[in-house]
Amino acid sequence: MTAMGAEQISVNEAVEKLAEEKSWLKLLHYKKNTFGGYKGLIENSEFYITKEGNVDPKKEMEEEIAAFSQGLQKCEFPARFNWLQERNLVQGNLDDCKEYQQFINDIRPKSITLLFTDAYMSNPASLFGHTLIRVDTARKGTQMLAHGANFGANSGSDTGVIFALKGLFGGYMGSYQISPYWNIINTYNNIENRDIWEYKLNLSNKETISFINHLYEMKNAQVQYFFLSKNCSYMLLELLEAVRPNLDLTSKYTIWAIPLDTLKTINNIPNLVENVNYRPARYTKIQAQLHGMNEQQYEQFIQFIKKKNNNLDNLPATEQVELLSTAYEYYQYEYIIKNLPLKEYRRESFDVLRKRSQMAQVEEKKLSGENPLYSHNSAHVSLGGGVKHHKSYELITLSPAYTSFTDDNYGMIRGAGVNVLENQWRYYNQKHKFVLQYITGLEITSLVPADRIFKPYSYVTDFNIHREFNPQTDAEGYVLSGRFGMGQTYDIAQMFWLYGILGVSGQYGGFIPGNQWGGVSPEIGVFKDWNIVRFWGGVEKIYASRIFADRTVYKTGISVNFSRNIFLNLSYSYSRNKKGHNWDQSEVAIKYYF
């Protein structure tokens with residue numbers, strides 16, 4: 001046998017073994033099929049060299065070795081080239097790859113930071129928060145010169161219900177976008193008013209370069225996008241596994257991947273998170289500054305921004321500085337959300353800066369937020385019992401995500417609730433009957449206090465299937481139910497909120513008289529948070545198109561913390577109908593987040 005032949009046999013044996021190696025499979029994002037073989041997570045052919053590349057790791061490795069050895073396509077796949085070179089399967093370097101070298105020169109990578117942003121209640125894809133990556137730059141100065149990598153759906157101009165439905169059922173392809181970090185700050189911090197948490201990852205220099213090289217390979221990759229599973233957070237875990245193959249991050253996220261859960265998974269890896277930094281949104285900073293003002297200072301601030309009184313001499317010097325700093329942030333905020341024309345913004349902000357420059361320097365107070373790592377978990381189960389219309393029952397409630405506005409909101413948005421696929425099962429003792437009481441498609445509550453300066457809207461939406469009482473037959477059956485409403489919330493005392501919602505409601509199902517009804521449903525209510533204990537109560541009046549559905553519903557409840565993940569919930573509701581078709585329900589349950 002010739003030396004060349006022996007060498008070829010050696011290479012073939014190496015390929016046979018290495019093609020099954022975990023690091024190779026994760027670098028190309030292969031997943032094992034249930035009945036054997038592999039399937040690549042990446043959908044588009046450009047990610048592979050061979051036509052069979054997404055199902056044949058060995059064939060793909062063989063073809064890449066052949067191509068890279070001839071200097072072909074190595075510049076497109078620097079991470080794979082380096083992987084094969086480390087195992088002596090290819091020779092050479094990437095010095096002649098101009099586009100790749102320009103990319104490295106532009107990025108100037110030093111380290112990798114994981115970013116988590118708060119939920120954005122105006123976007124279905126961001127109801128659970130969002131994770132992305134910052135590639136920290138080696139350039140001197142601020143990390144505003146760094147770059148961010150964001151995985152998202154290529155949704156085009158789709159919005160609203162179409163966007164939500166296609167995102168839920170895989171109607172989009174997702175891909176990575178790389179942009180300057182200052183642009184990410186402007187989008188999330190300033191326009192969408194989302195706090196950002198920065199978690200610097202403890203990666204070695206070699207791992208950092210591998211991460212950047214793999215990110216370069218992934219810039220043209222296409223993955224079928226699902227809001228609840230193959231989303232921004234899941235794909236971030238895929239990147240980390242490709243760089244550090246001994247990590248097992250994705251295996252537990254086969255059905256859904258909640259950003260907050262994946263963040264906690266990463267944090268639970270010993271020594272992977274090096275340090276944490278909080279970057280509050282401009283709106284958060286303004287609200288904190290306003291809440292820190294005394295009554296006179298607050299009144300003077302309102303007079304100042306409304307141009308009724310620009311004389312601040314009645315305030316101490318320190319309070320004048322605080323007021324002007326807040327006013328400058330306020331004018332920036334109003335300009336970014338397009339409430340203030342550019343010409344007016346320049347005039348007002350320059351006037352504030354001029355006044356501020358004449359005063360002594362005061363150290364800016366650093367805000368400390370609630371780290372979402374210490375929030376409650378996302379899935380929950382409740383066990384309890386209750387009585388409805390004089391019939392007792394035991395209950396179990398299950399939900400994969402996410403939170404109720406009455407739950408402990410540490411590390412989350414206060415007044416916000418999102419529940420997906422929550423379902424409750426009951427066993428009625430008198431009838432010895434086990435039933436599905438309801439299953440929620442999507443339920444959202446967003447209560448945001450308005451004040452004399454800002455007037456944000458609050459809203460609620462709820463789509464579910466549940467058992468409804470038929471007053472003509474005294475029986476229960478299933479109906480499709482929906483509600484949407486908007487209004488405002490006011491903080492009338494220390495964390496004592498008063499809210500009003502004007503909504504529309506309706507039901508459809510062959511079980512109820514007339515098969516359907518629609519109506520207007522105004523609601524007023526209160527919410528009080530004592531941190532460990534939370535109380536809520538409300539009255540909803542439904543003006544329905546059918547008399548049996550026309551009703552007034554009184555409801556109240558208390559939630560008590562035993563720990564961050566365990567609550568005691570008590571609730572009571574009473575429904576009164578003009579025709580006397582009344583019912584009441586009381587319930588008690590222990591809720592556990594896991």
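Residues numbered from 1 in each chain as written. Predicted model: local features only at pLDDT ≥ 70, side-chain atom pairs only at ≥ 80, totals over all residues. Heavy atoms only, no water.

Caption draft 1: Examining the sheet that holds strand β3 (residues 109-117) more closely. Spatially, seven strands are ordered β8-β6-β5-β4-β3-β7-β9 in an open sheet, and the strand pairing comes out antiparallel. Whereas interior strands pair on both sides, the edge strands pair on one side only; in this sheet they are β8 (223-225) and β9 (273-279). Sheet twist, expressed as the average angle between the axes of neighbouring strands with direction ignored, equals 35°. Sheet analysis places β3 next to strand β7 (residues 196-201), joined by five bridges and oriented antiparallel. Looking across to β7, one finds that F116 is bridged to W197. Each of β3, β4 (130-137), β5 (147-153), β6 (172-180), β7 and β8 touches helix α9 (residues 232-243); the most contacted strand, β4, lies at about 45° to it. (Pairing = 2+ DSSP bridges. Helix = DSSP H or I, 4+ residues; strand = E, 2+ residues; numbered from the N terminus. Axes fitted to C-alpha atoms, helices over the stretch in contact; angles between N-to-C directions. Contact = heavy atoms within 4.5 Å.)

Caption draft 2: Geometry of the state of the cysteines. What the rule picks out here adds up to one disulfide. Here C75 connects covalently by a disulfide to C97, the sulfurs 2.0 Å from one another. Taking the sign of the S-S torsion, about -75° here, the bridge from C75 to C97 comes out left-handed. In this pair, C75 sits in the loop between α3 (57-69) and α4 (78-86) while C97 sits in the loop between α4 and α5 (98-107), placing the two residues 22 residues apart along the sequence. On the basis of relative accessibility, which here comes to 2%, the residue C97 falls in the buried class. (Disulfide = S-S within 2.5 Å. Buried < 20%, exposed > 50% of the residue type's maximum accessible area, 1.4 Å probe, protein only.)

Caption draft 3: Expanded view of the pattern of salt bridges. What the rule picks out here adds up to 40 salt bridges. With a shortest N-O distance of 3.5 Å, K59 and E63 are connected by a salt bridge. Here K59 and its partner E63 are both found in helix α3, four residues apart, which amounts to about one turn of the helix. Its salt-bridge partner being R282, residue E329 comes within 2.8 Å of it at the nearest N-O pair. With E329 in helix α13 (residues 317-336) and R282 in helix α11 (residues 282-291), the pair connects residues that are 47 residues apart, well separated along the chain. (Salt bridge = Lys/Arg side-chain N within 4 Å of Asp/Glu carboxyl O.)

Caption draft 4: Quick peek at the layout of surface pockets. Space inside the second largest pocket adds up to approximately 970 Å³. K285, Q289, E329, E364 and K365 are the residues nearest the centre of the second largest pocket, which is lined by 35 residues in total. Among the elements that make up the lining of the second largest pocket, the one with the highest residue count is α13 (eight residues). Taken together, the residues that form the lining of the second largest pocket break down as 15 nonpolar, ten polar and ten charged. (1 Å grid on protein atoms, 1.4 Å probe; cavity = no way out; pocket = protein on both sides within 12 Å on 5 of 7 lines; lining within 4 Å. Points joined across faces, edges and corners; volume = space filled by probe spheres on them. Nonpolar A, V, L, I, M, F, W, Y, C, P; charged D, E, K, R; others polar.)

Caption draft 5: Summary view of the packing of α3 against α4. As a packed pair, α3 and α4 sit with axes 11 Å apart at the nearest point and diverge in direction by 90°. With respect to α4, the axis of α3 lies roughly perpendicular. Facing E60, M61, E64, I65 and F68 of α3, the residues of α4 in contact are R80, F81, W83 and L84. Looking at side-chain class alone, the contact of α3 with α4 contains six nonpolar, no polar and three charged residues. (Parallel < 35°, antiparallel > 145°, perpendicular 65-115°, else oblique.)

Caption draft 6: Examining the nonpolar core more closely. Counting 83 residues, the largest nonpolar core has M61 and L84 as its most contacted members. Among the elements that take part in this core, α9 stands out by supplying eight residues, more than any other. Setting aside residues up to four positions removed in sequence, L84 forms contacts with W24, M61, E64, I65, F68, L89 and V90. Formed by 22 residues, the second largest nonpolar core is a distinct cluster that contains L290, F304, V352 and I453. (Core = buried A, V, L, I, M, F, W, Y, C linked by side-chain atoms within 4.5 Å.)

Caption draft 7: Summary view of the side chain of N561. Relative to the helices and strands, N561 resides in strand β22 (residues 551-561). Only 2.4 Å separates the side chain of N561 from the side chain of R534, close enough to count as a polar contact. Sequence-distant contacts of N561, defined by excluding residues within four places in its chain, comprise D408, N531, I532, R534, I566 and F567. (Polar contact = N/O pair within 3.5 Å; in protein donor to acceptor, adjacent residues only side chain to side chain.)

In short, geometric facts, not functional conclusions.
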